[in-house]
Amino acid sequence: MGRPRTNDGAVKERLLEAATEMFATRPRESVTIRAVAAAAGASTAAVYTLFDSKDVLINEVRNRAVAGLSRDLSAVPVTDDPLADLYALAVAYRRWGREHSHLYTVLFGGVQRFDPSGEMSAGDPVRPLVDTIGRALSASVLVGEVTPIALSLWVTLHGLVALELAGALDATTAEAIFPSTILATLRGWATPSQIDVPGSSPGPAP
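Residues numbered from 1 in each chain as written. Predicted model: local features only at pLDDT ≥ 70, side-chain atom pairs only at ≥ 80, totals over all residues. Heavy atoms only, no water.

Q: Give a description of the overall build of the protein chain that names residues and reports values.
A: For the protein chain, the helix and strand inventory stands at nine helices and zero strands. Taken from the N to the C terminus, the helices and strands of the protein chain come in the order α-α-α-α-α-α-α-α-α. Buried positions account for 41% of the 206 residues belonging to the protein chain. Accessible surface for the protein chain amounts to roughly 10,600 Å². Of this, 53% is attributable to carbon and sulfur atoms. (Helix = DSSP H or I, 4+ residues; strand = E, 2+ residues; numbered from the N terminus. Buried < 20%, exposed > 50% of the residue type's maximum accessible area, 1.4 Å probe, protein only. Areas by Shrake-Rupley, 256 points an atom, 1.4 Å probe, with all protein chains shown as cover.)

Shown next, in the form of structure tokens:
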């Protein structure tokens with residue numbers, strides 16, 4: 001009988017989950033391979049076998065975060081109302097951050113750089129936002145340039161989500177201010193005829 005496999009997919013998943021929590025809650029330099037292995041109930045040899053190094057493990061955690069956020073934002077339906085679509089993207093962004101708080105912290109806690117002006121791949125989580133802003137500009141419902149509009153919306157979104165995840169905003173307050181804050185940001189870039197952001201009069205964000 002052959003020896004049972006110890007470095008299989010289940011071990012890899014446990015290591016990724018342990019690493020994600022540690023990188024989200026501790027300084028990067030304080031997270032060691034030994035600590036990740038211990039938290040996952042695995043050996044240090046398993047970490048090196050599956051990931052080769054700490055940097056590779058960090059990249060794997062980051063890539064998982066990027067893929068997850070990209071998947072959820074890309075799943076937002078595209079309609080003929082780009083302003084409503086931008087609001088829907090904001091709702092999806094917040095939902096993903098709340099459901100994957102550790103991945104969110106890893107992604108936007110200094111490891112991942114947000115650059116809507118750079119070259120984007122098909123899986124870049126920024127792409128749905130940038131593409132929708134482009135449609136809004138083409139339809140003349142927003143005025144400005146893609147990069148500053150994207151940064152403005154992302155700064156607003158990140159501020160709201162980060163404060164909520166940190167507990168600085170209680171659930172009631174977060175639910176109350178999310179719609180009005182996002183819509184106010186969109187109105188700031190809207191053409192005068194679109195100041196009411198038609199199609200975007202939602203109730204409390206999920």
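Continuing now.
Q: Give me the lowdown on the confidence of the model for the protein chain, citing residues and values where you can.
A: Of the residues in the protein chain, 83% have a pLDDT of 70 or more, and the chain-wide mean is 83. Across the protein chain, element-level confidence peaks in helix α5 (residues 82-99) with a mean pLDDT of 95 and bottoms out in helix α6 (residues 101-111) with 76. Across residues 1-5 the pLDDT falls below 50, and counting only partners more than four positions away or on other chains, this stretch makes zero contacts in the model. (pLDDT = per-residue confidence, 0-100. Contact = heavy atoms within 4.5 Å.)

Q: How would you sum up the packing of aromatic side chains? Please name residues and give values.
A: Under the definition given, this model contains five aromatic pairs. With a centroid separation of 5.7 Å and 90° between ring planes, the pair formed by Y93 and Y104 is classed as edge-to-face. Placement of Y93 in helix α5 and of Y104 in helix α6 is noted, with a sequence separation of eleven residues between them. Residues Y93 and Y104 agree in their burial class; the two are buried. Their ring planes at 35° and their centres at 6.0 Å tell us that Y93 and F108 sit as a pair that is tilted. Of the two residues, Y93 sits in helix α5 while F108 sits in helix α6, which places them 15 residues apart along the sequence. On the basis of relative accessible area, Y93 is assigned to the buried category, the value being 4%. On the accessibility criterion, F108 (16% relative accessible area) is buried. Following the ring pairs from residue to residue traces out a cluster consisting of Y93, Y104, F108 and W154. Over the ring of F178 we find R94, and its NZ or CZ is 5.1 Å from the ring centre. (Phe/Tyr/Trp six-rings, centres within 6.5 Å; stacked < 30°, edge-to-face > 60°. Lys NZ or Arg CZ within 6 Å of the ring centre and 35° of its normal.)

Q: Could you give an account of the nonpolar core, naming the residues involved and the relevant values?
A: Inside soluble globular proteins, nonpolar side chains tend to come together where they are buried. In this structure, V36, L86, Y93, F178 and I182 are the most contacted members of the largest nonpolar core, which totals 55 residues. Examining the composition of this core, we find that nine residues originate from one element, α5, more than from any other. Not counting the four nearest positions on each side in its chain, Y93 is found in contact with L69, L73, Y104, F108, W154, L157, H158 and V161. (Core = buried A, V, L, I, M, F, W, Y, C linked by side-chain atoms within 4.5 Å.)

Q: Describe the pattern of salt bridges, and please don't skip the residues or the numbers.
A: For the structure shown, the criterion picks out eight salt bridges. For R94, the salt bridge identified is with E164, shortest N-O distance 3.0 Å. In this pair, R94 is assigned in helix α5 and E164 in helix α8 (residues 146-165), connecting sequence segments 70 residues apart. Each member of the pair R94 and E164 is classed as buried. Overlapping salt bridges bring together R94, R98, E164 and E175 as one network. (Salt bridge = Lys/Arg side-chain N within 4 Å of Asp/Glu carboxyl O.)

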